[in-house]
Amino acid sequence: MLKSLLTTTAAAALLSTSVFAADWTLDSERSTLHFVSVKNDTIAEIHRFTELSGEMNDGELKVTVPVASIDTAIPIRNERMLEHLFNADEYASVTATATIPTEIYDIETATGTLPVVVPMTVFIAGEAVEVDAALQVTKLDADHVVATTSQPVLINASEFKLVAGINKLQEIAGLQAIDHVIPVTFTVQFSREN
């Protein structure tokens, strides 16, 4: 999930050092974050978060995803995930942060696409874990950059101590199994503030 969150970092990869010092803001209307859950080993369902926000300032990236914006297409499932998985009463957001290394953003180019792998720290329900995001970053023009996952980011429930929550959801829904590894994909667009 964050997510998504990682793409902004890569966005900087196509900016020159002199431009990078500017402030960049995530365009929520042009950004998406999806994840897949697999139940009973064979049934995959695509879910999303409808709200994202983020900024990148002086090499520091932060993306925030309000968990209340989860959309699984089933309202009662949204409520159960907020309660048992995300512990939404205590943790209102998932966040992803990263420091952008010089070798990623110290590139002078007008427009174009660059593949990068960005390490980020993802915070979910009280646990922070570092994950790598493989991205394609495209500089649209001097003030707009888009980053898209080139392969899913895998969120391991055990690393985030989410297994008990998944087991509770499985019990409530009467399922035989819910996978503990969740693929996440995202596209984020950032705009430079002038």
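Report follows, based on the coordinates. (Residues numbered from 1 in each chain as written. Predicted model: local features only at pLDDT ≥ 70, side-chain atom pairs only at ≥ 80, totals over all residues. Heavy atoms only, no water.)

**Section: the side chain of Q189**
Piece 1. Relative to the helices and strands, Q189 is located in strand β12 (residues 181-192).
Piece 2. Leaving out residues up to four positions away in the same chain, Q189 has contacts with T25, L26, D27, R30, S31, L140, H144, V145 and V146. (Helix = DSSP H or I, 4+ residues; strand = E, 2+ residues; numbered from the N terminus. Contact = heavy atoms within 4.5 Å.)

**Observations concerning the pattern of salt bridges**
Piece 1. Applying the stated criterion to the full structure yields six salt bridges.
Piece 2. Among the salt bridges present, the one from R30 reaches D27, with a minimum N-O distance of 2.8 Å.
Piece 3. Note on R30: relative accessible area 51%, which makes it exposed.
Piece 4. A salt bridge links R192 to D143; the nearest nitrogen and oxygen atoms lie 2.7 Å apart. On the criterion of sequence distance, the pair formed by R192 in strand β12 and D143 in the loop between β9 (127-141) and β10 (144-149) is long-range, its members being 49 residues apart.
Piece 5. Shared partners join several salt bridges into a network, and the residues in it are K39, E45 and R77. (Salt bridge = Lys/Arg side-chain N within 4 Å of Asp/Glu carboxyl O. Buried < 20%, exposed > 50% of the residue type's maximum accessible area, 1.4 Å probe, protein only.)

**Focus: the pairing of strand β11 (residues 153-156)**
Piece 1. With burial as the criterion, only one face of β11 is covered, namely that bearing V153 and I155; the residues L154 and N156 on the opposite face remain uncovered.
Piece 2. By the bridge criterion, four bridges tie β11 to β12 in an arrangement that is antiparallel. Looking at the pairing, L154 lines up with P183 of β12. (Pairing = 2+ DSSP bridges.)

**A short note on the pairing of strand β3 (residues 43-49)**
Piece 1. One ladder, built from seven bridges, connects strand β2 (residues 32-39) with β3; its direction is antiparallel. Within β3, the residue paired with S37 across the bridge is E45.
Piece 2. What sits between β2 and β3 in their antiparallel hairpin is a turn of three residues, with N40 showing a positive phi close to 50°.
Piece 3. Summarising the sheet, β3 and strand β6 (residues 70-71) pair through two bridges and their orientation is antiparallel. Residue F49 lies in a different strand from β6, and its bridge partner there is I70.

**Side note on helix α6 (residues 163-173)**
Piece 1. Within the sequence span of α6, burial applies to G165, I166, L169 and Q170. The arc enclosing the buried residues of α6, seen along the axis, measures out at 140°, which places them on a common side. Projecting away from the buried face of α6 at angles above 90 degrees are the exposed residues A164 and E171.
Piece 2. Check the buried side of α6 and you find it contacts α4 (75-84).
Piece 3. Looking at the residues trailing α6, positive phi occurs at G174, about 70°. (Arc of directions from axis to C-beta.)

**Some thoughts on the nonpolar core**
Piece 1. Counting residues in hydrophobic clusters, the biggest one holds 45 residues, and the most contacted among them are F86, I124 and V184.
Piece 2. Broken down by element, this core gets its largest block of residues, six residues, from strand β8 (residues 112-124). (Core = buried A, V, L, I, M, F, W, Y, C linked by side-chain atoms within 4.5 Å.)

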